[in-house]
Amino acid sequence: MQYVVYFLIAISATTVGAIAGLSGGIIIRPVMDVLGDFNAQTISILSSITVLSMSVVSAGKQIMQKAKINYRIVMPLALGAAIGGICGQRILAAAVSGIEVGGVVTVIQNSVLLVLTVLVFIYMKNRTKIKSRALSGIPLSALVGLGMGMISAFLGIGGGPFNVALMILLFSFDIKTAAICSIVIIFFAQFANVSLFTLTTGFGGIDLSVLPAMVVGAIAGGFFGAVLNKKLSERAVERCYFALLMVVMAITCANIVTHLNLV
């Protein structure tokens, strides 16, 4: 039964995530916190591998469909995100090992996620009133990517909603193009994150029992989400994006309250 539950979580989160460029991790992370079957670091690794699986399929599908991707901006962002992902994973590992009280790391992660999600929601609702930029240059793009990668790896979410909002604000992308480019960036960030963990810490002590079910769900979700992103209008993608943000805010609030009672 547990395998079925985590398969359904993975396929539903990654399908909707691939449509809106949110990676699915932003749903997987807080939902797994609610279930409480694993500790913070295990959830982060399971979420990262699931998101990586989704992004491989979704990004590959988008590229084959010749989706609109500005590689001059996206590739430096992706490189910066890969480095940031490594830094973010190290910060998370240090937090888990340094904080002995159970639930504290989860409260911190959910609190940061809630604040960032609220800020993104406010910006996206009012973005037509805020002048967007048209930044360029490899160093600047890589620096933005670095920040994206650090946040996404620490939170174990893939970083999708923040990627999309920042690309609209800083590079003047439309929401559909930003969603597609976000998936490419997520792939590089999560690949670096998972590779570093594999080569350094390793998976000793990490419960990977539900990982096969989640990976299968993520692969299916990445494929379906990429197909739907291509077919849906920009307005439909935007509605999906906002709906996910509201779900995340509700779940993170519940997680914060629940785990504060356990501290």
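The structure displayed is predicted, hence computed values, not measured ones.

How each quantity is defined
Residues numbered from 1 in each chain as written. Predicted model: local features only at pLDDT ≥ 70, side-chain atom pairs only at ≥ 80, totals over all residues. Heavy atoms only, no water. Axes fitted to C-alpha atoms, helices over the stretch in contact; angles between N-to-C directions. Helix = DSSP H or I, 4+ residues; strand = E, 2+ residues; numbered from the N terminus. Parallel < 35°, antiparallel > 145°, perpendicular 65-115°, else oblique. Left-handed = near helix turned anticlockwise from the far one by under 90°. Nonpolar A, V, L, I, M, F, W, Y, C, P; charged D, E, K, R; others polar. Core = buried A, V, L, I, M, F, W, Y, C linked by side-chain atoms within 4.5 Å. Buried < 20%, exposed > 50% of the residue type's maximum accessible area, 1.4 Å probe, protein only. Contact = heavy atoms within 4.5 Å. Patch = residues over 30% accessible without salt bridge, like charges linked within 9 Å, V, L, I, M, F, W, Y side chains within 5 Å. Areas by Shrake-Rupley, 256 points an atom, 1.4 Å probe, with all protein chains shown as cover. Salt bridge = Lys/Arg side-chain N within 4 Å of Asp/Glu carboxyl O.

1. Regarding the packing of helix H1 (residues 2–20) against helix H9 (residues 211–231)
Then, in step 1: One can describe the packing of H1 onto H9 by two numbers: an axis separation of 7 Å at closest approach and a directional angle of 25°. By the angle between their directions, the pair H1 and H9 is classed as roughly parallel. Once H1 is placed against H9, the crossing between them reads as right-handed.
Then, in step 2: Looking at the contact of H1 with H9 residue by residue, the class counts come to 15 nonpolar, seven polar and no charged.

2. What about the nonpolar core?
Then, in step 1: By size, the foremost hydrophobic cluster in this structure holds 74 residues, and its most contacted members are Met-124, Met-167 and Tyr-241.
Then, in step 2: Here this core takes eleven residues from helix H8 (residues 175–199), the largest share from any one element.

3. Details of the packing of helix H2 (residues 25–35) against helix H10 (residues 234–260)
Then, in step 1: H10 packs onto H2 with a crossing angle of 30° between their chain directions and a minimal axis gap of 9 Å. Judged by the angle between their axes, H2 and H10 are roughly parallel. The element H2 and its partner H10 pack so that their crossing is left-handed. Contacts between H2 and H10 pair Ile-26, Ile-27, Pro-30, Val-31, Asp-33 and Val-34 from the former with Leu-244, Val-247, Val-248, Ile-251, Thr-252, Asn-255 and His-259 from the latter.
Then, in step 2: Of the residues that constitute the contact of H2 with H10, the class distribution is nine nonpolar, three polar and one charged.

4. Looking at unusual backbone geometry
Then, in step 1: One non-glycine residue, Ser-172, lies in the positive phi region at around 60°.
Then, in step 2: If you trace the backbone, Ser-172 turns up in the loop between helix H7 (160–171) and H8.
Then, in step 3: A relative accessible area of 39% places Ser-172 in the partly exposed class.

5. Here's the deal with a nonpolar patch on the surface
Then, in step 1: A contiguous nonpolar patch, built from Met-1, Val-4 and Leu-8 and spanning about 350 Å² of accessible area, is present on the exposed surface.
Then, in step 2: Classification of Val-4 by relative accessible area gives partly exposed; the value is 45%.

6. A closer look at the pattern of salt bridges
Then, in step 1: Scanning the entire structure with this criterion turns up two salt bridges.
Then, in step 2: Between Arg-127 and Glu-238 there is a salt bridge, with its nearest N and O atoms 3.4 Å apart. With Arg-127 in the loop between helix H5 (104–125) and helix H6 (138–155) and Glu-238 in helix H10, this pair connects stretches of sequence that are 111 residues apart. Side by side, Arg-127 and Glu-238 carry an identical accessibility label, which is buried.
Then, in step 3: Between Arg-235 and Glu-238 there is a salt bridge; the shortest N-O distance is 3.7 Å. A residue pair is termed a helical-turn pair when its members lie 3 or 4 positions apart in one helix, as Arg-235 and Glu-238 do in helix H10 at three residues.
Then, in step 4: Classification of Glu-238 by relative accessible area gives buried; the value is 13%.

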